[in-house]
Amino acid sequence: MLQKLRPQVVLVHAPELLPLTVAWKALKPGRRFVYDVRENYALNIQTQQVYPHWARHMLATLVRGLETLAARQATAVLLAERSYAQELPFARPGKTLLLENKYQPYSSQAPSATTFPRRLPAPTEPLRVLYSGTISELNGVWEAIRFVQHLRTAWPLAHLTIIGACQQPGLLPRLQAAVAEASDAVTLRGGAELVPHAEVVAEIQRSHLGLLPYRPHPSTARCVPTKLFEYLAHGLPLLVPPNPLWQQLVQPSGAGVAFDFQQPEYPAAPDLAAELGARWYYPSGAPAEAFWTSEAEKLHRLMDSI
């Protein structure tokens, strides 16, 4: 592809493509590339238990070495999270640019019919609850099911939609069995297959309450999930863990409630339903900070400088 297109600038998004990109740059003067760091890959390898224990340190060291070499050669390094500036030793000041994963509406997307401030339906009415994005235990899929089953004892028409792809083969059969056992309380869309993002957005627009039931973990504690920006941009009321970084985004706009999904005993369902239903959400509308416009301006300035 590089030989065919002969680009002047390449944006590379994955560590496994860094050796080829560095070699491509070295073969001809004037070639430039930007490394877009979407995750702290070395930390993820060491902590997420995807790879065998004996291989984690070796793989993490290899990835970090590749990134350090590439960062020296790159014209710029883009960081998807603020915390990466402190976490990544190769993120040198003056060469890095923060570009957060904020929400960009589709050009064809119809204007939102949402009126602000928002309130949830009455406990006697249907409540559409949403878990979207990557389906995994770390992202709290079991906690989402536990929460809606608990809430249904006081909100009998609450229904959870899980929409996204599951990349853990051992998890999917257990999840499918749990969804079948939950009967009309839970719907699974995707699972074994990727779901087009437009369908995820449509589900966000149909929902009343969005869940971010992430388990505490070093690889996510200092990161802002993309779905958080998506939910904020659509004015979807939220339940988020008591993560201070996430609270800084949720509280100013009155977007939702902090809820500890890991607590052994949830609050009594009638009390929980009453608390959620009594609130007004997004009194000033969807926050401008959730949208991609500010990040696009930064990216345009960077490309103009190159």
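Conventions adopted
- Residues numbered from 1 in each chain as written.
- Predicted model: local features only at pLDDT ≥ 70, side-chain atom pairs only at ≥ 80, totals over all residues.
- Heavy atoms only, no water.
- Pairing = 2+ DSSP bridges.
- Helix = DSSP H or I, 4+ residues; strand = E, 2+ residues; numbered from the N terminus.
- Axes fitted to C-alpha atoms, helices over the stretch in contact; angles between N-to-C directions.
- Salt bridge = Lys/Arg side-chain N within 4 Å of Asp/Glu carboxyl O.
- Buried < 20%, exposed > 50% of the residue type's maximum accessible area, 1.4 Å probe, protein only.
- Parallel < 35°, antiparallel > 145°, perpendicular 65-115°, else oblique.
- Contact = heavy atoms within 4.5 Å.
- Nonpolar A, V, L, I, M, F, W, Y, C, P; charged D, E, K, R; others polar.
- Phe/Tyr/Trp six-rings, centres within 6.5 Å; stacked < 30°, edge-to-face > 60°.
- Lys NZ or Arg CZ within 6 Å of the ring centre and 35° of its normal.
- Core = buried A, V, L, I, M, F, W, Y, C linked by side-chain atoms within 4.5 Å.
- Right-handed = clockwise from strand over helix to strand, strands pointing away.
- Left-handed = near helix turned anticlockwise from the far one by under 90°.
- Expected span 1.5 Å × (residues − 1).

### Some points on the sheet that holds strand β1 (residues 9-12)
Step number 1: Read across the open sheet, the four strands follow the order β1-β2-β3-β4; overall the sheet is parallel. Strands at the two margins of the open sheet, each flanked by one partner only, are β1 and β4 (96-98). Taking the axes of each pair of neighbouring strands and ignoring which way they run, one obtains an average angle of 20 degrees across the sheet.

### Topic: the pattern of salt bridges
Step number 1: In the structure shown here, the tally under the stated rule is 13 salt bridges.
Step number 2: Residues R82 and E100 are paired through a salt bridge, measuring 3.5 Å at the closest nitrogen-oxygen approach. In this pair, R82 is assigned in the loop between β3 (76-79) and α5 (84-87) and E100 in the loop between β4 and β5 (127-132), connecting sequence segments 18 residues apart.
Step number 3: You can call E100 buried: its relative accessible area is 7%.

### Things to note about the packing of helix α6 (residues 141-151) against helix α7 (residues 171-182)
The relative placement of two packed helices comes down to the angle between their axes together with the axis-to-axis distance.
Step number 1: The geometry of α6 relative to α7 is characterised by a closest axis approach of 12 Å and an angle of 5 degrees between their N-to-C directions. Compared by their axis directions, α6 and α7 come out roughly parallel. Each of V141, W142, I145 and Q149 in α6 lies in contact with α7, whose residues at this interface are L171, R174, L175, A178 and A182.
Step number 2: A breakdown of the residues in the contact of α6 with α7 according to their chemical character gives seven nonpolar, one polar and one charged.

### Remarks on the packing of aromatic side chains
Step number 1: Summed over the entire model, instances satisfying the criterion amount to nine aromatic pairs.
Step number 2: An angle of 75 degrees between the planes, with centres 5.4 Å apart, marks the rings of F147 and F259 as edge-to-face. A residue pair is termed long-range when its members are at least 10 positions apart, and F147 in helix α6 and F259 in the loop between β10 (256-258) and α11 (269-278) qualify at 112 residues. Considered together, F147 and F259 belong to a single accessibility category, that of buried residues.
Step number 3: One aromatic cluster in this structure is built from F147, F259, F261 and Y266.
Step number 4: One cation-aromatic arrangement involves R119 over W280; the distance from NZ or CZ to the ring centre is 4.5 Å.

### Thoughts on the sheet that holds β5
Step number 1: Strand order in the open sheet made by the six strands is β7-β6-β5-β8-β9-β10, with parallel pairing throughout. Strand pairing shows two members of the sheet lacking a second neighbour, β7 (186-191) and β10, which therefore form its edges. Within this sheet the neighbouring strands show an average axis-to-axis angle of 20 degrees, counted without direction.
Step number 2: As paired elements, β5 and strand β6 (residues 158-165) share six bridges and run parallel to each other. By the bridge assignment for β6, L130 is matched with T161.
Step number 3: Across the sheet, helix α9 (residues 226-233) is in contact with β5, β8 (209-211) and β9 (238-240); its angle to β5 comes to roughly 145 degrees.

### Observations regarding the nonpolar core
Step number 1: Ranked by internal contacts, the top residues of the largest apolar core, which has 58 residues, are F147, L160 and L238.
Step number 2: Counting 23 residues, the second largest nonpolar core, distinct from the first, contains V10, Y35, A60 and C223.

### Re the pairing of β6
Step number 1: With seven of eight residues buried, β6 lies mostly within the body of the structure.
Step number 2: Following the chain from β5 across α6 to the adjacent parallel β6, one finds a crossover that is right-handed.
Step number 3: Relative to β7, β6 runs parallel, the two being bridged by six bridges. Bridging from a neighbouring strand, G164 pairs with G190 of β7.
Step number 4: For the segment spanning β6, α7 and β7, crossover handedness is right-handed.

### A look at the packing of helix α2 (residues 18-26) against helix α4 (residues 53-73)
Step number 1: Closest axis-to-axis distance for the α2/α4 pair is 10 Å, and the angle between their directions is 30 degrees. As far as their axial angle goes, α4 and α2 are roughly parallel. Considering only the axes of α2 and α4, their crossing is left-handed. For the pair α2 and α4, the contacting residues are L18, P19, V22 and K25 in the first and L66, E67, A70 and Q73 in the second.
Step number 2: A per-class count over the contact of α2 with α4 returns five nonpolar, one polar and two charged.

### A few points about α4
Step number 1: Here α4 spans 32 Å end to end across 21 residues, near enough to the 30 Å set by a 1.5 Å rise per residue.
Step number 2: Summarising the contacts, the buried residues of α4 are in contact with α2, β2 (32-37), α3 (41-47), β3 and α5.

### A closer look at the side chain of H208
Step number 1: One can find H208 in the loop between α8 (197-206) and β8.
Step number 2: Residue H208 is classed as buried on the basis of its relative accessible area of 14%.

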